[in-house]
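# Architecture at a glance
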Amino acid sequence: MSIKEQGYTHWDGELAPGRFPWKPITRYGIKLTFKRKFFKPFFFMTLLPAVVFLAGIFISERIQDFEFMIKGSSTPFTVNPGYFYTYFTSVLFMIVLILVFAGSGLISDDLKHNALQLYFSRPLKKKDFFTGKVAVIVFFLFIITLVPGLILFIMKLVFSGSFQFVRSFPWLPLSIIGFSVFITGFFACYALFLSALSKNRRYVSIMIFGLYIFSDILFGIFYGIFRKPYFCLLSIKANLQQVGKLIFSQKPLYDVSPWYSILVLCLFCFLAVLFLSHKVRGVEIVK
Amino acid sequence: MSIEVKDIHFSYGRIKALDGVDMELSEGAVGLLGPNGAGKSTLIRILLGFLIPQRGEGRIFDLDIKSQQSMIRRYIGYMPEDDCFIPGMDAVSFTSYLGELSGMPRQEAMKRAHEVLYYVGLEESRYRFLETYSSGMKQRLKLAQAIVHDPKLVFLDEPTSGLDPQGRKEILELIMDISSKKDIQVLISSHILSDIEQTCSYVVILDKGRVAAQGKISDLKQVSYSLYEIKIKGDVVLFQKQLQRIKGKVEETVEGVMKVFIPPDQDPGVIFRIASQNNFQIRHFVKSQASLEDLFADTVGVE
């Protein structure tokens, strides 16, 4: 391989930091995730619950067209805030699987291949780096939480042909946005924290999946033995369900204040951010 | 001055890495030399803003290294010592990605990535995944990402490590081309003395966290000592002892030829006088040109 005759030429442009210096990180993060094996079909599969819930709204509004199917029961289900809550909690498992694909390598790959020094030798701050990485997760999670949530709400209005639903639950769009943001924020911290724990993305994938399942199993075991609902605070899933119940004005699933769940999840996020800001730097310092 | 640091101190816990480094560098290629643990990499990391010095101050292009890191990084490129890349990317995406992170517009970064990859000789493999690159190709790629945004100053950390002789020669040619003809200042940290000698005109030698010597290589070679290659017949050990009395130093090389270092204030005739007094025969006497290796050994005190 020889050095070509063409010499080095100066670039005559102007380096501009731009308003969103993290944008390339997000763009390439999303691009690389879509390149992963089996991700595309899996990702489209995660949209199936939204389609099913959309069909549910359609059926509930055109119940007379489906009488032959329901045989006797006039309202098989009603579309209310609880219906939206059910949608969100039904995609929690899908979210975890998405994180296995999209979140596991976000930092672990950079650690493994010493790429952090490349990022931080550029005019990039830590917050830009994290924003870029978080935005990758936000992109994927909003597609299966916020976007379908709002579409379901709009379609409910379209199918019902009136604004009665809005008048009954004017706060519901805010609940949809709020819970989507809460879920996404928590899982972004969750995925980035675990991704920074190991240089091996396979281990991180196992941790993302395992911790979610294990925390729920732990809750099940302790609850089975001691019959104390407070053990729900050990479970990621149960905590998110509790928060969902609060945001959608539902009766809590367990006899524990949902504020405790918010506290537990926020504490987890706080510790994750502390850990990340310590771990992610241009150079690894071994004292 | 492009780089100016004053009284920089940095410790990793109890271990002092830099202990009052003062340095002023202007244009051209500068070599940063020192044995392992001398503080070369720590100094580069401080200049890059990865580490904050515990004491002292520094400026790069008149920008403060503590408070204006982001601005500084716009003007500098960095080629790290370790293998570093982003898996799943080809060389064009990788280089343009890092160009974008430096603040280049997307299309410009892509265009420029092609140019610099061509320049470093990776034009034929620029669409290959980085995981499949050889060590030599990765070195070239690291150089390409360091210059993609056309920096004014490039830090090269061990640029030839892990390369075969041909690859090393080619990388050195690129570095010389960049530093001599392209108005880009280069700071090379290396333990391969011949690389520094080949590419740099100015050198900073670090030892135990302090600057042991700095200046133009040609000047440093002259002021430190006069070097002669001699061959004697007689008691070599006694001859060495006699030379030590006048603060001279002897280094034995092949076939009985000795490198004799004489302090600059001493007349070379002293060698003949010692020989005469002790009945030694001098059978070979040549004034030699000190190499950077000799200078390094003399300054740092290692063989």
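## Looking at the overall build of chain B
Per the secondary structure count, chain B includes 11 helices and 14 strands. Overall, the C-alpha framework of chain B stretches about 75 × 45 × 35 Å when taken along its three principal axes. Counting all 303 residues of chain B, 56% fall into the buried class. Intrachain contacts of chain B at a sequence separation of at least 6 include 67% that bridge at least 24 residues. Surface summary for chain B: the accessible area is close to 13200 Å², and the carbon and sulfur share equals 46%. Taking the average place of the 37 positive charges on the side chains of chain B and the average place of its 42 negative ones, the gap between the two points comes to 3 Å.

## Describing the domain arrangement of chain B
Assigned domains within chain B: domain 1 (3-219) and domain 2 (225-300). If you average the C-alpha positions of domain 1 of chain B and of domain 2 of chain B, the two centres end up 38 Å apart.

## Thoughts on the packing of helix α5 (residues 81-90) of chain A against helix α12 (residues 172-195) of chain A
Residues and elements named next belong to chain A. Where α5 meets α12, the closest approach of the two axes is 11 Å, and the angle between their N-to-C directions is 20°. In terms of their interaxial angle, α5 and α12 are classed as roughly parallel. Crossing angle aside, the handedness with which α5 passes α12 is right-handed. Each of P81, F84 and F88 in α5 lies in contact with α12, whose residues at this interface are L172, I176, F179, S180 and I183. In terms of residue class, the contact of α5 with α12 is built from seven nonpolar, one polar and no charged.

## Focus on the confidence of the model for chain A
Here chain A averages 90 in pLDDT, and 92% of its residues register 70 or above. Element-level pLDDT for chain A is lowest in helix α4 (residues 67-70) of chain A, with a mean of 67, against a maximum mean of 96 in α12 of chain A.

## Considering the pairing of strand β1 (residues 3-12) of chain B
Residues and elements named next belong to chain B. Most of β1 is tucked away, with seven of its 10 residues classed as buried. In this structure, β1 lies alongside strand β4 (residues 55-60), joined through five bridges in antiparallel fashion. Following the sheet pairing, H9 is matched in β4 by R55. As defined by bridge partners, β1 adjoins strand β2 (residues 15-25) across eight bridges and the pair is classed as antiparallel. Across the sheet, the residue bridging to S11 is K16, located in β2. Connecting β1 to the antiparallel partner β2 that follows it, the hairpin turn spans two residues, and G13 within it adopts a positive phi of roughly 65°.

## Regarding the packing of helix α9 (residues 126-144) of chain A against helix α10 (residues 146-160) of chain A
Residues and elements named next belong to chain A. Following both chains from N to C, one finds α9 and α10 inclined at 25°, their axes separated by 3 Å at the closest point. Between α9 and α10, the crossing angle belongs to the class labelled roughly parallel. Along its contact with α9, which presents L141, F142, I143 and I144, the element α10 presents L146, V147 and P148. Here the contact of α9 with α10 is composed, by residue class, of seven nonpolar, no polar and no charged.

## Some remarks on the sheet that holds strand β5 (residues 63-64) of chain B
All names here are of chain B. Strand order across the open sheet formed by four strands is β2-β1-β4-β5, with antiparallel pairing between neighbours. Of all the strands in the sheet, just β2 and β5 have a single pairing partner and so form its edges. Contacting β1, β2 and β4, helix α1 (residues 40-48) runs over the sheet at an angle of about 115° to β1.

## A word on the layout of surface pockets
Volume-wise, the largest pocket comes out at about 580 Å³. Forming the boundary of the largest pocket are 28 residues, of which R36, G105, D109 and R201 of chain A together with P87 of chain B lie nearest the centre. Of all the secondary structure elements, the ones that give two or more residues to the lining of the largest pocket are α1 (23-34), α6 (92-102), α7 (105-112), α9 and α13 (201-226) of chain A. Broken down by class, the residue content of the lining of the largest pocket amounts to 12 nonpolar, seven polar and nine charged.

## Regarding the packing of aromatic side chains
The description of an aromatic ring pair rests on the distance of the ring centres and on the angle between the ring planes. Residues and elements named next belong to chain A. Per the counting criterion, the structure on display carries 50 aromatic pairs over all chains. An angle of 80° between the planes, with centres 5.8 Å apart, marks the rings of F187 and Y190 as edge-to-face. On the criterion of helical spacing, the pair formed by F187 and Y190 is a turn pair, its members being three residues apart in helix α12. The class for F187 is buried, based on a relative accessible area of 0%.

## Some words on the interface of chain B and chain A
On the side of chain A, 39 residues touch chain B, which itself brings 57 residues to the contact. Regarding the contact of chain B and chain A, the summed buried area is about 4500 Å², with carbon and sulfur atoms giving 60% of it. Taken together, chain B and chain A are joined by one salt bridge. Between R27 of chain A and E100 of chain B there is a salt bridge whose closest N-O contact spans 2.4 Å. Counting across the interface, chain B meets chain A through 18 residue pairs in polar contact (both at pLDDT 80 or more). Contributions of two or more residues to the side of chain B that touches chain A are made by α1, α2 (69-75), β6 (76-79), α3 (91-101), α4 (106-119), α5 (135-147) and α6 (165-181) of chain B. In terms of residues, the side of chain B that touches chain A owes the most to one element, α3 of chain B, which gives seven residues. Class assignment for the residues of the side of chain B that touches chain A results in 29 nonpolar, 10 polar and 18 charged.

Cut-off values and rules
Residues numbered from 1 in each chain as written. Chains lettered and ligands numbered in written order. Predicted model: local features only at pLDDT ≥ 70, side-chain atom pairs only at ≥ 80, totals over all residues. Heavy atoms only, no water. Helix = DSSP H or I, 4+ residues; strand = E, 2+ residues; numbered from the N terminus. Buried < 20%, exposed > 50% of the residue type's maximum accessible area, 1.4 Å probe, protein only. Contact = heavy atoms within 4.5 Å. Areas by Shrake-Rupley, 256 points an atom, 1.4 Å probe, with all protein chains shown as cover. Lys, Arg positive; Asp, Glu negative; His and termini not counted. Charge placed at Lys NZ, Arg CZ, Asp CG, Glu CD. Domains from an automatic or database assignment. Axes fitted to C-alpha atoms, helices over the stretch in contact; angles between N-to-C directions. Parallel < 35°, antiparallel > 145°, perpendicular 65-115°, else oblique. Left-handed = near helix turned anticlockwise from the far one by under 90°. Nonpolar A, V, L, I, M, F, W, Y, C, P; charged D, E, K, R; others polar. pLDDT = per-residue confidence, 0-100. Pairing = 2+ DSSP bridges. 1 Å grid on protein atoms, 1.4 Å probe; cavity = no way out; pocket = protein on both sides within 12 Å on 5 of 7 lines; lining within 4 Å. Points joined across faces, edges and corners; volume = space filled by probe spheres on them. Phe/Tyr/Trp six-rings, centres within 6.5 Å; stacked < 30°, edge-to-face > 60°. Buried area = accessible area lost by both parts, 1.4 Å probe. Salt bridge = Lys/Arg side-chain N within 4 Å of Asp/Glu carboxyl O. Polar contact = N/O pair within 3.5 Å; in protein donor to acceptor, adjacent residues only side chain to side chain.

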